[in-house]
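As a plain string of letters, each chain reads:
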Amino acid sequence: MWIIMYYFAAAFLFAFLVAPFTAYSLPPDLVPESIGSDPVLKRTEEMRTWNPDNMYEHVNGEAELLIRYGTSGLGFAAYENETGDYVAVDILDLGKPINAYGLYRLYSGCDGEELVIHGATVLADDFTQYGFYGRYFLRINLDIGDTADGRALVEDFLSHFTSRIGDPPALPPALALLQESAEKPCEVNYHPEHIDYDLETG
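All values derive from a computational prediction rather than experimental measurement.

Caption draft 1: Structural view of the side chain of N81. Here N81 lies in the loop between β4 (73-80) and β5 (86-93). Owing to a relative accessible area of 8%, N81 belongs among the buried residues under this scheme. Here the side chain of N81 touches D85 through a polar contact of 2.9 Å, landing on its backbone nitrogen. Excluding anything up to four places from it in sequence, N81 contacts P39, V40 and L41.

Caption draft 2: Focus on the environment of V154. Mapped onto the elements of the fold, V154 is located in helix α4 (residues 148-165). Classification of V154 as buried rests on a relative accessible area of 1%. Through-space distance from the C-alpha of V154 to that of V87 is 9.1 Å; in sequence the pair is 67 residues apart. Beyond its immediate chain neighbours, meaning those up to four positions away, V154 contacts I117, Q129, I140 and L142.

Caption draft 3: Here's a closer look at the packing of aromatic side chains. The tally for this structure, following the rule as stated, stands at 8 aromatic pairs. Considering the side-chain rings of Y101 and F132, the 5.9 Å spacing of their centres and the 80° angle between planes classify their relative orientation as edge-to-face. With Y101 in helix α3 (residues 97-108) and F132 in strand β8 (residues 128-133), the pair connects residues that are 31 residues apart, well separated along the chain. Here Y101 falls in the buried class, since its relative accessible area comes to 2%. In this structure F132 comes out as buried when scored by relative accessible area, which is 10%. With a centroid separation of 5.5 Å and an interplanar angle of 40°, the aromatic rings of Y107 and F137 are classed as tilted. Taken together, the positions of Y107 in helix α3 and F137 in strand β9 (residues 136-142) put the pair 30 residues apart, joining distant regions of the chain. Each member of the pair Y107 and F137 is classed as buried. Members of the aromatic cluster, connected to one another through ring pairs, are Y79, Y136, F157 and F161.

Caption draft 4: Examining unusual backbone geometry more closely. P39 follows D38 through a cis peptide bond whose omega is -5°. Mapped onto the fold, P39 is located in the loop between β1 (34-35) and β2 (41-43). Despite not being glycine, D38 shows a phi value in the positive range, around 55°. Looking at the element boundaries, D38 is found in the loop between β1 and β2. Since its relative accessible area comes to 76%, D38 is described here as exposed. One non-glycine residue, H118, adopts positive backbone phi at about 50°. Positionally, H118 belongs in the loop between β6 (113-117) and β7 (120-124). We classify H118 as partly exposed; its relative accessible area is 39%.

Rules behind the numbers
- Counting from 1, residues in each chain are numbered in the order their sequence is written.
- With pLDDT at 70 or above as the cut-off, local features in this predicted model cover only qualifying residues; side-chain atom pairs require 80 or more to be listed or tallied, and sums for whole chains, interfaces and linings still use all residues.
- Neither water nor hydrogens contribute to the side-chain values; these are computed over all heavy atoms in the structure.
- Under the DSSP-based scheme used, a helix requires at least four consecutive residues in state H or I and a strand at least two consecutive residues in state E, with every element numbered from the N terminus.
- For each residue, the accessible area found with a 1.4 Å probe, counting protein chains only, is set against the maximum for its type, and the residue is called buried under 20%, exposed over 50%, and partly exposed in between.
- We define a polar contact as two N or O atoms separated by no more than 3.5 Å, with the added condition that, inside protein, one atom must be a possible hydrogen donor and the other a possible acceptor, whereas residues neighbouring each other in sequence contribute only through side-chain atom pairs.
- What makes two residues a contact is simply this: any of their non-hydrogen atoms within 4.5 Å.
- Geometry of aromatic contacts follows a simple scheme: Phe, Tyr and Trp rings, the Trp one being its six-membered ring, pair when their centres are within 6.5 Å, and the pair is stacked under 30 degrees between planes, edge-to-face over 60, tilted otherwise.

Right under this line is the structure:
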């Protein structure tokens, strides 16, 4: 009897150890090979990806929060040119557009200038620009900051990114109603954990 139990336990452990690890993946052409010009910034390597089990390797300290907002996967791409200009982009798959909106509002707040670039909502602020498009949340780090050249790089990246996704689903009508009643639309937050909205004032 004990021999049979030992056999099944060993077989289960072996199956667990050799089971293939299913990594999160984004479409390989979702990010461009290069952005900008004169001189062009080229992607430093293939886009790297993580799933909720290992994304702490890239966003240590943020992983728990990102998972609470529904992040199912994370992609990272970096660009650099011969003069040392550098751009790094995090792409988070939140599963639903409203979740991406919620995370965007959490990070962006109400400071800075909010733009719509190729359909994506982007907050232009200092050296890190936050955005969302469809179910994706974007964090774009620019070492040249929020300059005319920096915005051109963001626009170049988003032109490619949004064209590969197509038109995203609409956000819930309730969001628009709350934004109409707010002093500023950016005051309306969304919390996927509770599936509710809140309106910040003052």
